[in-house]
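Tertiary structure, described
In case you want the letters, here they are:
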Amino acid sequence: DLGYYDQLLWNITRGNGPLVSLPEMNAWGDHLSPIMYLLAPFYLVWSTPVLLLVAQSVALGLGAIPVYWLARRRLGDERLAATLAVLYLVNPSLHGINIRDFHAAALAIPLLLAAVYFFEANRSWWCLAALLLALACREDAALPVLGLGLWIAVARRRWIPGVGLALASVGLLFALTELVIPYFRAAAYPHLGRYGHLGGTVGEILWTMLLHPVSSLAGMASVGKLVYLLAILTPLGFLPLLGLLDLLPALPVLAENLLSRDPILFHHRTQYNAFILPFFVVAAISGIGRLRGWSTPNAPPGRLRPGVVLGFALILSLALTSRTFNDLRVDRIVRSDHQRAAYTVMAAIPPEAAVSTHDPYVPHLTRRAKVFVFPVGIEKSGYVLIDLATYPWRQLPDYRLDRQGSEVVLRWRKGGEPKERRYEVVKELDGYLLLKARSP
C-alpha cells in the first residue's frame, strides 16, 4: 500500500492523473481519496515514500490537540485533558494504523476529532471544513459522518443539521459506490465482496439487514470479533462504555467491520479502525466525566477514581503497544547487511524500466510508470528483482526458476497452458538476483 500511494503521488505530480500499476488502473476506481492532492506540493519538494510516512505520523500526532481541547472543554481540568491526550497518543490501535504502511483513511482520525471539538465549540464552519476533508480521505468516510449526523440529532438535539448531515452522507455514499468509483473502474465497486453473504451492492446489503436483522446480527458475533472489541476498549480503560451516546458516530463503521467475514477488518491494528478510534476516544472523555461525577469526596472507599482508571489505562496501552502484542518493527530501525544489499541491487535498475518484484521492495521502485508485485506483470516488465531466500515460492507453486550460468528461465502455468520467459542476470548480491528480460 505504501508503494501504491507513492506511485499515485508520483503520477499526480507529473500531470498523469491518479494512475497506479498495483494493479494497473485509475486509483479512484479503487478508493476515492482526493485528499492526496493536498500532499502533492510537498511531494514535488521531497519525492520519496518517506514523505507519506512522516505526513501520516504528524497527522496522527496532531490528533492529540483536539483531544486535549475537547477534554478541557468538557471536564474543565487541564491535567485530566493532558492525560487523555497522552492516552490517545499511546493507543495501540493508533500505532498499529501508523506502522501498517500509509493509508489515506488514517488522515481522517485528527479531522474527525477536530470536527467533534469544533461542533461543541459552536464553530460550525470549521466543523464543516474538517468533515469535508475527512470525506476526502476515502469514500466510506461517509459512514462516520453519517454517525456524526445521528449523534448531533440524538445526543445534542440538533435535529435539522443532524438529520441533514446524515441524509447527505447516505446520498454521498450511494453516489460514490454506485456511480463515481464504478465510472473510474469501468466495473462495479470492488470492496463489497467481503459482504457477499448479505448482497452485492450497498442497497442489497442494507435491504438484507432490514429483512433479516436477527441473522445479520448473529453474523457479527464470534470469538474473534469479541477479542477485537476488547482490544479497542482495554487501552481506554473501558471508559467508552460510560459514554455510550458518544459511541453513536462509530456504530456505522463498527457494523461495517463486524458484518464482514474478512478478519483484517476486525483487527485492532489495521487502518479499518481509522473511522472508529476517534469516537471511542471522545466517549472515553465522557466516561471520565461521568466517573468523576461519581467520585465525590464522600464516595465509598471502593469507588473507582478517574486518576486510578487513567493510570491503569496508560499501563495497559503501553503493554499492548509493546513488541510482544503490537510489533512496532523496532528491528527495521537499523538496516541489516541483507537489506543494504537490496539497495545496492535496486540501484542498478534503470529509472524508467518496468519492474516486477516482491512486495517489500515495491515502495523503493514506485517512482516509475509501471511496477508490479511479483509474479504480476512479469510479461510486461523489462526487469525482475528476486530474493532467492524466498525460493521456492510456497505461495506460488506454479512458478519455477531454472538457472544455467548467467541465464535464468521463469516457468509458470497460465490458464492451464505452460508459459516461460528468459532472462540474463544483471546483478547478483547476497541472494538477490536482478534479471533483465531477453528479447523474444
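You'll find the structure just up there.
Below you will find a few notes about this structure. Keep in mind that what you see is a predicted model, and the values were worked out from it rather than measured. (Residues numbered from 1 in each chain as written. Predicted model: local features only at pLDDT ≥ 70, side-chain atom pairs only at ≥ 80, totals over all residues. Heavy atoms only, no water.)

1. Side note on the pattern of salt bridges
Inspection of the entire model under this criterion finds 17 salt bridges. In this structure, R156 and E120 form a salt bridge, with 2.8 Å as the shortest nitrogen-oxygen distance. With R156 in the loop between α9 (142-154) and α10 (159-185) and E120 in helix α7 (residues 108-120), this residue pair connects regions lying 36 residues apart in the sequence. With a relative accessible area of 12%, E120 lands in the buried category. One salt bridge connects D402 with R400, and the closest N-O pair in it is separated by 3.3 Å. Classification of D402 as partly exposed rests on a relative accessible area of 26%. Judged by relative accessible area, which is 42%, R400 ranks as partly exposed. (Salt bridge = Lys/Arg side-chain N within 4 Å of Asp/Glu carboxyl O. Helix = DSSP H or I, 4+ residues; strand = E, 2+ residues; numbered from the N terminus. Buried < 20%, exposed > 50% of the residue type's maximum accessible area, 1.4 Å probe, protein only.)

2. Some remarks on the packing of helix α15 (residues 277-294) against helix α16 (residues 306-320)
Put simply, α15 and α16 touch, their axes get as near as 9 Å, and they point 145 degrees apart. Counted together, I288, L291 and R292 of α15 and P306, V309 and L310 of α16 form the full contact between these two elements. Here the contact of α15 with α16 is built from residues that sort into five nonpolar, no polar and one charged. (Axes fitted to C-alpha atoms, helices over the stretch in contact; angles between N-to-C directions. Contact = heavy atoms within 4.5 Å. Nonpolar A, V, L, I, M, F, W, Y, C, P; charged D, E, K, R; others polar.)

3. Examining the packing of aromatic side chains
Each aromatic ring pair is summarised here by two numbers: the centre-to-centre distance and the angle between the ring planes. Here the structure, examined in full by the defined rule, presents 12 aromatic pairs. Arranged with centres 5.3 Å apart and planes meeting at 45 degrees, the rings of W69 and Y117 form a pair that is tilted. Separated by 48 residues along the polypeptide, W69 in helix α4 (residues 64-75) and Y117 in helix α7 bring together distant segments of the chain. Ring geometry for Y399 and W412: centres 5.9 Å apart, planes at 10 degrees, overall stacked. (Phe/Tyr/Trp six-rings, centres within 6.5 Å; stacked < 30°, edge-to-face > 60°.)

4. Some thoughts on α9
Over its 13 residues, α9 extends 18 Å from the first C-alpha to the last, a length consistent with the 18 Å expected when each residue adds 1.5 Å. Burial in α9 covers these residues: A142, L143, P144, V145, L146, G147, L148, G149, W151, I152 and A153. Elements that come into contact with the buried residues of α9 comprise α4, α7, α8 (124-135), α10, α14 (251-259) and α15. (Expected span 1.5 Å × (residues − 1).)

5. A look at the side chain of K225
On the secondary structure map, K225 appears in helix α13 (residues 223-233). No salt bridge forms around the buried K225; measuring N to O, its nearest opposite-charge neighbour D262 is 10 Å away. In terms of polar contacts, K225 uses its side chain to reach the backbone carbonyl oxygen of L258, at 2.4 Å. Side-chain polar atoms of K225 contact the backbone oxygen of S260, separated by 3.1 Å. (Lys, Arg positive; Asp, Glu negative; His and termini not counted. Polar contact = N/O pair within 3.5 Å; in protein donor to acceptor, adjacent residues only side chain to side chain.)

6. Observations concerning the pairing of strand β9 (residues 432-437)
Most of β9 sits out of view: five of its six residues are buried. With five bridges joining them, strand β5 (residues 383-387) and β9 adopt antiparallel strand pairing. Note on β9: the bridge partner recorded for V384 is L435. Judged from the six bridges that link them, strand β8 (residues 417-429) and β9 form a sheet pairing that is antiparallel. Counted as the bridge partner of E428 is L433 from β9. Counting the residues in the hairpin turn of β8 and β9 gives two residues, including D430, whose phi is positive at 50 degrees. (Pairing = 2+ DSSP bridges.)

7. Digging into the packing of α7 against α9
Packed helices, taken two at a time, are described by their axes: the angle between them and the distance between them. Remark: α7 packs on α9, axes separated minimally by 12 Å, with the N-to-C direction vectors making an angle of 20 degrees. With respect to their mutual orientation, α7 and α9 come out roughly parallel. Here α7 runs over α9; the crossing is right-handed. On α9, the residues that touch L112, A115, V116, F119 and E120 of α7 are P144, L148, W151 and I152. Among the residues making up the contact of α7 with α9, the classes are represented as eight nonpolar, no polar and one charged. (Parallel < 35°, antiparallel > 145°, perpendicular 65-115°, else oblique. Left-handed = near helix turned anticlockwise from the far one by under 90°.)

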